[in-house]
Amino acid sequence: HCVQISNERQVSIQADKDFMSRIFIPDVKEGDKFSPTSLGIYANDLAFDPDSNEEQYFENSERNNILQLVWRLAKDEKTGMVVPTWPVVVTKQDIRLLNTVPMEVGLQYGFNYWNAVLTEGASKYIK
């Protein structure tokens, strides 16, 4: 969406017609062994520490995780609005993988996820 503020009392929100030109979603064949879309399929959150608070979690995540989830967006044909369709794994910064042996990469689940697991119980979220 495009938001324009003309003065303190007038705000205008319009559909962003060019949003697709700013989003890159690779088109990868399902049978490929390794691809950008399969990078996070088995990733764990390497920032989690049950004794950390939210600020510490995000500091750990910045240091240990290179992946995060963002929502893929699409235009809702009924409303004309942009809506989330499904989560997509993306890198948090430019990366270059040069190693030839398997390695673990971290995926930021988010502090709210871990807080819910601790307060409500893991069985509700982990099957």
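Below: a short report on this structure.

Another point: the overall build of the chain. A count of helices and strands for the chain gives 2 helices and 5 strands. Along the chain, helices (α) and strands (β) appear in the sequence β-β-α-β-β-β-α when read from the amino end. Within the chain, the fraction of its 127 residues that count as buried is 20%. Of the contacts formed within the chain by residues at least 6 apart in sequence, a portion of 50% connects residues at least 24 apart. Element-wise, carbon and sulfur atoms account for 52% of the exposed surface of the chain, whose accessible area totals about 10,400 Å².

It is worth spelling out the sheet that holds strand β4 (residues 82–91) at this point. Overall, mixed pairing links the 3 strands, which are arranged β4-β3-β5 in an open sheet. Looking along the sheet, the strands with just one partner apiece sit at the ends: β4 and β5 (107–108). With 9 bridges connecting them, strand β3 (residues 67–75) and β4 associate as antiparallel partners. Its bridge partner lying in β4, Lys 75 is registered against Val 82.

We now examine the environment of Leu 107. Residue position: Leu 107 is located in strand β5. For Leu 107, a relative accessible area of 7% puts it in the buried group. Residues Leu 107 and Leu 67, 40 residues apart in the sequence, show an inter-C-alpha distance of 4.4 Å.

If you trace the backbone, Phe 58 turns up in helix α1 (residues 54–64). For the pair Phe 58 and Phe 111, spaced 53 residues apart in the sequence, the C-alpha separation amounts to 7.6 Å. The contacts of Phe 58, once residues within four sequence positions are left out, are Gln 108 and Phe 111.

Here we take up helix α2 (residues 111–120). Looking at α2, one finds that the buried residues are Phe 111, Trp 114, Ala 116 and Val 117. Just downstream of α2 lies Gly 121, where phi reads positive at about 105°.

Okay, the side chain of Asp 45 next. Tracing the backbone shows Asp 45 in the loop between β2 (11–14) and α1. Here the side chain of Asp 45 touches Trp 114 through a polar contact of 2.8 Å, side chain to side chain. Setting aside its immediate chain neighbours within four residues, Asp 45 contacts Tyr 57, Asn 65, Leu 107, Gln 108, Tyr 109, Gly 110 and Trp 114.

Criteria and cut-off values
- Residue indices begin from 1 for each chain and proceed along its sequence in written order.
- Reporting of local features is limited, given that this is a predicted model, to residues whose pLDDT is at least 70; pairs of side-chain atoms are given and counted only at 80 or more, and all residues count toward the totals for whole chains, interfaces and linings.
- Each side-chain value is worked out from all heavy atoms of the structure, with water and hydrogens disregarded.
- The numbering of helices and of strands both runs from the N terminus, where a helix is a DSSP run of H or I of at least 4 residues and a strand a run of E of at least 2.
- Each residue is placed in one exposure class: buried if its accessible area under a 1.4 Å probe, protein chains only, is under 20% of its type's maximum, exposed if it is over 50%, and partly exposed if it falls in between.
- Working rule for contacts: check all heavy atoms of both residues, and any pair within 4.5 Å makes them a contact.
- Computed with a 1.4 Å probe, the accessible areas rest on the Shrake-Rupley method; for each residue, only the protein chains presented here act as cover.
- What makes two strands pair is DSSP finding at least two bridges between them.
- As used in this structure description, the phrase polar contact means that two N or O atoms lie within 3.5 Å; if the pair is within protein, one of them must be able to donate a hydrogen and the other to accept it, and residues adjacent in sequence are counted only when both atoms belong to side chains.

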